[in-house]
Amino acid sequence: MAEETAVQVNNVTYRYAEGAPSVLSGLSLKVEQNEWVAITGHNGSGKSTLARLINGLLLPEHGDILVQGLNSASEDDKVHIRRKVGMVFQNPDNQIVAPTVQDDVAFGLENTGVDPQTMEKRVAWAIKAAGLAGLEHAEPHNLSGGQKQRVAIAGILALKPDILVLDEATSMLDPLGKKEVMSLAGRLHKEENVTVISITHDLEEVLRADRMIVMNQGVVTADGKPDDVFREKEILDRAGLEQPFSVRLREELARREVVIPENAVSEKAMVSALCRLKHKT
Amino acid sequence: MQIKAQNLGFTYGEGTPFEKKAVSGIDVDIPPGSRIAVVGHTGSGKSTLVQHLNGLLVPTEGTLTVGETTIRPGMKQKVLHHLRRTVGMVFQYPEHQLFEETVEKDIAFAPNNFGAGEKETAERVRRAAEAVGLDESLLSRSPFELSGGQMRRVAIAGVLAGHPDVLILDEPAAGLDPKGRRAMMEMFSRWQQEQPFRSYILVTHHMEDAAKYADYLYVMNAGSIVMEGTPAEVFQSPARLKEARLDVPAAVRILTEIDGSGSFSLNTYEADETADEIARILRGGGPL
Amino acid sequence: MRSMILGQYVQGDSFIHRMDPRAKLTGLFLFLLVMFLANRPAALIPAAAFACFVFLMTRIPVRYLLKGLKFIAIMVIFLFLFRMLMTREGTVLLDLPWLPIYEEGVRDGAVFAGRLFLLMVMATVLTLTTTPIELTDALERLFKPLQRLGVPAHELALTMSIALRFIPTLFSEMEKIMKAQMARGASFSDGSIVKRIKALIPLLVPLIIQSFRRAEELAVAMEARGYAGSEGRTRFRQMVWRASDTRVLFTVVLTGICIFALRG
């Protein structure tokens, strides 16, 4: 079977109201199946608009968006797209519908008309997979931010999605909550082969991605491996971003003639490279 | 404004079946002109603690002295009203507290409540707007027409216009992009340095910000202060921070791995300084 | 403050807890109907006996109920007095110069108050043993036949369920905004009434704006999760109507027959 492109955005223009400035202006990009892509840019760069366009919550003014070949503008396709694309939004409080965890996880399944027996199994499985076992009857307001976001992910997971869109899903969480959500997304990516599109301006989160896309004023200004893109200081600066600490440190070290191998990208790899250097001297 | 807490404790719903101890046995001493950070994970009690400092909560144990005022258990809320003049508070997502028709009126809310005259209020509004970098043309606009970032600055101006000596900042940069975060923190830093008696107390779980923007840290866990000291002192024990479910800044993490003896010193916790230290260690340089 | 227990839920595994919520709701409605058969206090005895019996079956401590009924009892006594004084028929029992008390009045007041009190007890039993989500679900299913007549049963139930979900969230939000405005020198507890009402504006405006934003975001999230109305929707919570549920309803009818027999 030919690998289908997960998401294809073709020359998309979007504005919120007629006469308003366009949020996206001729945006094109592709996300392959099984990729982990971080889309980043400053507040108001159009990245959240893009997320809403992907599953047909918004429709492009020009151009089109294909999700596994399905067109978001077609009413029939939209239903299928929403089953394939799961979205986690920014505010953990505003996406949980039901008064208990298990009822909320079931919400998406109820909407698609899954029979009650299958539903029960899937809900139980999704709750366990999201590490929420024991909280089935918990009420949302008693959960931590990280737990709430994992409830949202469990609700998506129950529908067995192909694509997970995290729309600044960790920006309101504390470091612990961030870790919980990111490691859950990582597990789904690896074990369930879910394509992850993470919209974020958290630099550490961007570093987890296979590929990063920088957006600025509605167009893509950089697209590539995080290590490469993070060297483009000027592009980052214009997009309201900074280099992550590890990248800046590497550059500063190079200036002091301490050279770290190209492939030592993560903090861990950098540290062990530095330790080897230390023992040599 | 000197702030001093002695054996301060607070229990929610005291005497009911829902009784819950939030903080206990807290001792802090904050002299005027301080830059303090209170760090701790969500639910560690840090928010409860700082809400005492401007009288939003009254301790159920111990005492709290702010300037000339001493607060003891059982004190009436009314007595605390004037405490709020001297200690301002920027809540998390402060843009959610905006309510007036115009930016100008919203910023004027605190000075009006604190009894500043009309002329004085107008002057304060203008200066507060300037301090947060709001263009004067925005003053007559509705705050709800502005962008999220601008709304937050309006809300902060609304606190600054109350002319506090001490500012409590509860995750003031939450949700901002990296550049916005830095700009926000630099703005508070500038505000603090304008007057020698001004202090701020930054409540955060962002350890890099705590390192960069505070001279003294209080680490909270399970309702108590478990560590305190200068950033350098606190970051010397990553294991104890981990117990409090906290991290150390990346600079400290990397340097600790390379040099287990901890004989490095950092000030800004930025990459250039870290690189200097690494270069020094690699060249076999001993302690400074 | 905590003396009102109508609307609270106490976890348990009694027969009443496990009953089909539809049966509980129908039972409450039937109970209300049969109580109208009573026209003198003595006729309410079977209803009172039934209520006691049901309450004992919930295995919730009696003391908990008594404490919680305090407020309701005061209300009921007040209504009794009001009703008694308003009725001016039959023989005069006590000829007070301003307020003569009539026999009819006492009787009428007692029946009225008794009915109301028993109804409140049973309604309390219902909420004590049924989670709000079960209740909304049951309401939705009971009213489903009326959907064809244009009663939006599903939408109403969903609205109720979302309200239940967000009430605690809104409360903590309100507390936060209140504190933020107090930190800016606002006061919610002194001054004249006009001043106090005016003081609510800085609290209510942000609260309403936030609620609208929440509603908007929630609507988007629901749409993203494939919500498109009740059509083609299945339910996670299943309800089973057992023979024992029917028997309970039958007992209510039986109580009604006893009440009828005791009519004066």
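Residues numbered from 1 in each chain as written. Chains lettered and ligands numbered in written order. Predicted model: local features only at pLDDT ≥ 70, side-chain atom pairs only at ≥ 80, totals over all residues. Heavy atoms only, no water.

**Comments concerning the interface of chain A and chain B**
The test is simple: Contacts are assigned to residue pairs that have any heavy atoms within 4.5 Å of one another. The term buried area means the drop in 1.4 Å probe accessible area that two parts suffer when joined, counted for both and summed. For this document, the term salt bridge refers to a Lys or Arg side-chain nitrogen within 4 Å of an Asp or Glu carboxyl oxygen. The helix count covers DSSP runs of H or I at least four residues long, the strand count covers runs of E at least two residues long, and both are numbered beginning at the N terminus.
In this assembly, 28 residues from chain A lie in contact with 30 residues from chain B. For the pairing of chain A and chain B, the buried interface totals around 2700 Å² over both sides, and the portion due to carbon and sulfur atoms is 61%. Counting across the interface, chain A meets chain B through 5 salt bridges. In this structure, A:Arg248 and B:Glu270 form a salt bridge, with 3.2 Å as the shortest nitrogen-oxygen distance. When residues of the side of chain A that touches chain B are assigned to their parent elements, the largest contribution, 6 residues, is made by helix α11 (residues 267-280) of chain A.

**Side note on the packing of aromatic side chains**
Put simply, the test is: Only rings of Phe, Tyr and Trp enter the pairing, Trp through its six-membered ring, and a pair is recorded when the two centres are within 6.5 Å. The plane angle decides the type: under 30 degrees is stacked, over 60 is edge-to-face, the rest tilted. Residue exposure (1.4 Å probe, protein chains only): buried if accessible area is under 20% of the type maximum, exposed if over 50%, otherwise partly exposed. The rule is short: NZ of Lys or CZ of Arg within 6 Å of the ring centre and within 35 degrees of the ring normal puts a charge over the ring.
Per the counting criterion, the structure on display carries 7 aromatic pairs over all chains. Both rings, one in B:Tyr216 and one in B:Tyr218, keep their centres 5.4 Å apart while their planes meet at 70°; by these two values the pair is edge-to-face. The class of B:Tyr218 is buried, set by a relative accessible area of 2%. Residue placement shows A:Lys160 over the ring face of A:Trp125; its charged tip is 4.4 Å from the ring centre.

**Quick word on the domain arrangement of chain B**
Residue and element names in this part refer to chain B. Defined as follows: All domain edges in this entry derive from an automatic or database-based domain assignment. Here a polar contact is taken to be a pair of N or O atoms separated by no more than 3.5 Å, where protein atoms must pair a possible hydrogen donor with a possible acceptor and residues adjacent in sequence count only if both atoms sit in side chains. Residues were grouped as follows: Ala, Val, Leu, Ile, Met, Phe, Trp, Tyr, Cys and Pro as nonpolar; Asp, Glu, Lys and Arg as charged; and all remaining residues, including Gly, as polar.
We note that the domain assignment places domain 1 (3-96 + 165-246) and domain 2 (249-288) within chain B. Its C-alpha centre places domain 1 at a distance of 29 Å from the equivalent point of domain 2. Contact residues are listed per partner, giving 10 residues for domain 1 and 9 residues for domain 2. The three residues of domain 1 that bury the most area against domain 2 are Glu208, Lys212 and Phe235, which together make up 54% of that side's buried surface. One salt bridge in this structure joins Glu270 and Lys212, with 3.6 Å as the shortest N-O distance. Linking domain 1 with domain 2 are 3 residue pairs in polar contact (both at pLDDT 80 or more). Elements with a contribution of two residues or more to the side of domain 1 that touches domain 2: α7 (207-213) and α8 (231-235). Across the side of domain 1 that touches domain 2, the residue classes break down as 6 nonpolar, 1 polar and 3 charged.

**Quick word on the sheet that holds strand β6 (residues 87-90) of chain B**
Residue and element names in this part refer to chain B. The test is simple: Strand pairing follows a simple DSSP-based rule, namely that at least 2 bridges must link the two strands. Axis angles are defined between N-to-C directions and span 0 to 180 degrees, where every axis is a line fitted to C-alpha atoms and, for a helix, only to the segment in contact.
Read across the sheet, 6 strands follow the order β6-β7-β8-β3-β9-β10 without closing on themselves; strand pairing throughout is mixed. Single-partner strands in this sheet number two, and they are β6 and β10 (224-229). Direction aside, neighbouring strands of the sheet carry axes that sit 20° apart on average. Relative to strand β7 (residues 166-170), β6 runs parallel, the two being bridged by 4 bridges. Considered in β7, the bridge of Val87 is made with Val166. Sheet strands in contact with helix α1 (residues 46-53) are β3 (35-39), β6, β7, β8 (199-204) and β9 (216-221), and its direction is about 160° off that of β8. Running at roughly 155° to β8, helix α6 (residues 178-194) makes contact with β3, β7 and β8 of the sheet.

**Examining the pairing of strand β4 (residues 61-66) of chain B**
All names here are of chain B. As defined by bridge partners, strand β1 (residues 3-12) adjoins β4 across 5 bridges and the pair is classed as antiparallel. Opposite Gln6, over in β4, you have Thr63 as the bridge partner. Relative to strand β5 (residues 69-71), β4 is paired through 3 bridges, and the arrangement is antiparallel. Bridging across to β5, Val66 finds its partner in Thr69. Linking two consecutive strands that pair antiparallel, namely β4 and β5, is a turn of 2 residues; a positive phi of about 60° is found at Gly67 within it.

**Let's talk about the interface of chain A and chain C**
Residue-level contacts link 34 residues of chain A with 26 residues of chain C. At the boundary of chain A with chain C, total buried surface from both sides reaches about 2800 Å², with 55% on carbon and sulfur atoms. Among the residues of chain A in contact with chain C, A:Asn94, A:Val97 and A:Glu110 are the three that bury the most area, contributing 23% of the side total. Taken together, the links from chain A to chain C amount to 6 salt bridges. Note that A:Glu110 is salt-bridged to C:Arg233, the shortest N-O span being 3.0 Å. Seen at the junction of chain A and chain C, the total is 15 residue pairs in polar contact (both at pLDDT 80 or more). Looking at which element gives the most residues to the side of chain A that touches chain C, the answer is helix α3 (residues 101-112) of chain A, with 11 residues.

**With respect to the side chain of A:Arg250**
All names here are of chain A. Rule in force here: Note that His is not counted, nor are the chain ends; the positive residues are Lys and Arg, and the negative ones are Asp and Glu.
Following the sequence through the fold, Arg250 ends up in helix α10 (residues 245-255). One buried charged side chain, Arg250, makes no salt bridge at all; its nearest oppositely charged neighbour is Glu262, positioned 5.1 Å away. Apart from the residues within four sequence positions on either side, Arg250 is in contact with Ile260, Pro261, Glu262, Ala264, Val265 and Met270.

**Overview of the sheet that holds strand β1 (residues 5-14) of chain A**
All names here are of chain A. Pairing in this open sheet of 4 strands is antiparallel, and the strands run β2-β1-β4-β5 from one edge to the other. Strand pairing shows two members of the sheet lacking a second neighbour, β2 (24-32) and β5 (70-71), which therefore form its edges. Pairing of β1 with β2, which is carried by 6 bridges, proceeds in the antiparallel orientation. Bridge pairing links Val9 to Leu29 in β2.

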